[in-house]
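Structural description and commentary
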Amino acid sequence: MSQPQGGILPEPTSSALFLILRVRNPAQDVGAVLRVSARVPALVAKVAAADRRSRLVGNIGIGSEFWEVISPAKRPKRLRPFNAIDRRAPNTGGDVLLHIISRRPDLNFELAMRIMNELGDTVDVIDEVHGFRYLGTRDLTGFLDGTENPKGKQRAVVALIGEEDPDFAGGSYVFTQRYVHDLKKWATVPLREQEGTIGRRKKDSKQLTDKVRPATAHISRVVIEEHGEELQIVRHSFPYGTLAEAGLFFIAYTKDLAIPEKMLSRMLGTSGDDLHDHLMDFTRAVSGATFFAPSLKVLRSLALHHT
Ligand code: HEM
């Protein structure tokens, strides 16, 4: 399989920078944007070399509409725009995603600046989110996030496209949503009720037993079994924000966008059983976008075809 981009499989470290960009004039600037995109892995390597211990990695993703300009005839089979679910899960789109992770926010910034300088005035920033670690790996609700994330070799199985789409093997689809939490409201909820909302114990993430875990708990809604197997995604989410506005930048890598879509539909109560995820009573999605993060080989070839 072609080599995936470097930030998909490693477990995320302690800080992240997410940039969602719109290409100003896609038909005119497609070549320029692709040339910079193809250089991203080299730029990541260069900045990472400044401090190996920072474990700096980065990915670039391309949105569905922009892919239509790049190569309408040859598309990753399952690439499609974010499937909005009314106003509670808006599709805000984006042509390019930059996802940078390391132990040093200053190096994340340095890399983002270099890439943005090369992109010049071909793009506008739609959203910029600086993620930080909160009390270990907790979400701002205080619950450990990532407990049941796929580990080790399973991460590649879950995230990477394989033989089902050989031209794009080693690539991955990306599902993003920025959530703004109502932390004041959350703080008024007693511990037991918070635990029932997530479906896990707060102190150590131990799963509540089936007997006590509500059907409306977050994990009750997102754990879906199909043909005897649990649907999985590789989550890379980070808390972000200021005291005025804070929440979770949710981001997942998957070989099939239908998987996070099904989870979200069960969270928002549109999957047909009249239940919704009660965590959604304390947070709202303000953005939603999907991307395709090509393998290193495809990333290089895209630029060559547009010179
Ligand atoms: C405000 C947004 C969200 C918050 C605060 C949140 C928080 C959490 C927490 C605390 C857990 C339990 C620990 C763990 O296994 O990681 C969890 C699990 C999980 N979440 Fe979320 N989540 C959010 C949105 C989403 C969305 C949008 C999806 C899918 C589209 C999702 C999918 C999952 C999955 C698949 C699990 C693992 C379930 C398991 O196998 O036990 N989450 N989330």
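Every value quoted in this text rests on a predicted model; they were computed, and no experiment measured them.

**Observations concerning the packing of helix H1 (residues 26–48) against helix H9 (residues 296–305)**
Direction vectors running N to C along H1 and H9 enclose 150°, while the axes themselves pass 8 Å from each other. When the axis of H1 is compared with that of H9, the two are roughly antiparallel. Where H1 crosses over H9, the handedness of that crossing is left-handed. Listed contacts from H9 to Leu34, Arg35, Ser37, Ala38 and Pro41 of H1 are Leu296, Leu299, Arg300, Leu302 and Ala303. In terms of residue class, the contact of H1 with H9 is built from 7 nonpolar, 1 polar and 2 charged.

**Some thoughts on the nonpolar core**
Trp67 and Leu264 are the most contacted members of the largest nonpolar core, which totals 63 residues. Looking at which element gives the most residues to this core, the answer is H1, with 9 residues. The next biggest cluster of nonpolar side chains, apart from the first, holds 22 residues, and it includes Ile8, Ala159, Leu160 and Ala289.

**A look at the coordination of the iron atom of the ligand**
Put simply, the ideal angle at a metal is 109.5 degrees for four donors in tetrahedral geometry and 90 or 180 degrees for six donors in octahedral geometry. Only one protein atom coordinates the iron atom of the ligand: His218 (NE2), located 2.1 Å from the metal. Mapped onto the fold, His218 is located in helix H7 (residues 218–222).

**Let's talk about the packing of H1 against helix H3 (residues 105–119)**
Two elements in contact, H1 and H3, have axes whose closest approach is 10 Å; the angle formed by their N-to-C orientations is 155°. Classified by the interaxial angle, the pair formed by H1 and H3 is roughly antiparallel. When you trace H1 past H3, the crossing you get is right-handed. Here Val33, Val36, Arg39, Val40, Leu43, Val44, Lys46 and Val47 of H1 lie close against H3, whose contacting residues are Leu107, Glu110, Leu111, Arg114, Ile115, Glu118 and Leu119. Residues of the contact of H1 with H3, tallied by class, amount to 10 nonpolar, no polar and 5 charged.

**With respect to the site of the ligand**
Neighbouring residues of the ligand: 25 residues in total, closest Gly146, Thr147, Glu148, His218 and Arg235. A distance of 3.3 Å is found between an oxygen atom of the ligand and a side-chain nitrogen or oxygen belonging to Arg200. Glu230 is positioned with one of its side-chain polar atoms (N or O) 3.4 Å from an oxygen atom of the ligand. Of all the elements in the fold, those that place two or more residues in the shell around the ligand are strand E5 (172–181), H7, strand E10 (246–254) and helix H8 (258–268). Ranked by the residues each element gives to the shell around the ligand, the list is headed by E5, at 4 residues. Grouping the constituent residues of the shell around the ligand by class yields 13 nonpolar, 6 polar and 6 charged.

**Remarks on the pattern of salt bridges**
Evaluated as defined, the whole model comprises 20 salt bridges. Between Arg104 and Asp106 there is a salt bridge, with the nearest N and O atoms lying 2.7 Å from each other. Since its relative accessible area comes to 29%, Arg104 is described here as partly exposed. Arg178 is the salt-bridge partner of Glu245, the closest N and O atoms lying 3.1 Å from each other. Here the residue Glu245 occupies a position in the loop between strand E9 (238–241) and E10, and Arg178 occupies one in strand E5, the gap between them amounting to 67 residues. Linked by salt bridges that have partners in common, Asp51, Arg104 and Asp106 make up one network.

**Side note on the pairing of E9**
Bridge count for E9 against E10 is 4 bridges, and the pairing is antiparallel. What sits directly across from Phe238, in E10, is Phe249. Once E9 ends, the chain turns through 4 residues before running back antiparallel as E10.

**Here's the deal with the pairing of strand E2 (residues 57–62)**
Most of E2 is tucked away, with 6 of its 6 residues classed as buried. Residues Val57, Asn59 and Gly61 line one face of E2 and the alternating positions Gly58, Ile60 and Ile62 line the opposite face, and both faces are buried. Bridge count for E2 against strand E3 (residues 96–102) is 6 bridges, and the pairing is antiparallel. The residue bridging Gly58 from the neighbouring strand is Ile100, located in E3.

**A few points about the packing of aromatic side chains**
Centre-to-centre distance and the angle between the planes together describe a pair of aromatic rings. In the structure shown here, the tally under the stated rule is 10 aromatic pairs. Seen in terms of ring centroids, Phe82 and Phe175 are 5.3 Å apart; in terms of plane orientation they differ by 35°. Their pairing is tilted. You can see Phe82 sitting in the loop between helix H2 (64–70) and E3 and its partner Phe175 sitting in strand E5, a full 93 residues away along the chain. Take Phe175: its relative accessible area is 3%, and that puts it in the buried class. These aromatic residues form a ring-pair network of at least three members: Trp67, Phe168, Tyr173 and Phe292. The cationic tip of Arg133 hangs over the ring face of Phe238; the distance from NZ or CZ to the ring centre is 4.0 Å.

Criteria and thresholds
Residues numbered from 1 in each chain as written. Predicted model: local features only at pLDDT ≥ 70, side-chain atom pairs only at ≥ 80, totals over all residues. Heavy atoms only, no water. Axes fitted to C-alpha atoms, helices over the stretch in contact; angles between N-to-C directions. Helix = DSSP H or I, 4+ residues; strand = E, 2+ residues; numbered from the N terminus. Parallel < 35°, antiparallel > 145°, perpendicular 65-115°, else oblique. Left-handed = near helix turned anticlockwise from the far one by under 90°. Contact = heavy atoms within 4.5 Å. Nonpolar A, V, L, I, M, F, W, Y, C, P; charged D, E, K, R; others polar. Core = buried A, V, L, I, M, F, W, Y, C linked by side-chain atoms within 4.5 Å. Buried < 20%, exposed > 50% of the residue type's maximum accessible area, 1.4 Å probe, protein only. Donors = N, O, S within 2.8 Å, 3.2 Å for Na, K, Ca; no water. Near = heavy atom within 4 Å. Polar contact = N/O pair within 3.5 Å; in protein donor to acceptor, adjacent residues only side chain to side chain. Salt bridge = Lys/Arg side-chain N within 4 Å of Asp/Glu carboxyl O. Pairing = 2+ DSSP bridges. Phe/Tyr/Trp six-rings, centres within 6.5 Å; stacked < 30°, edge-to-face > 60°. Lys NZ or Arg CZ within 6 Å of the ring centre and 35° of its normal.

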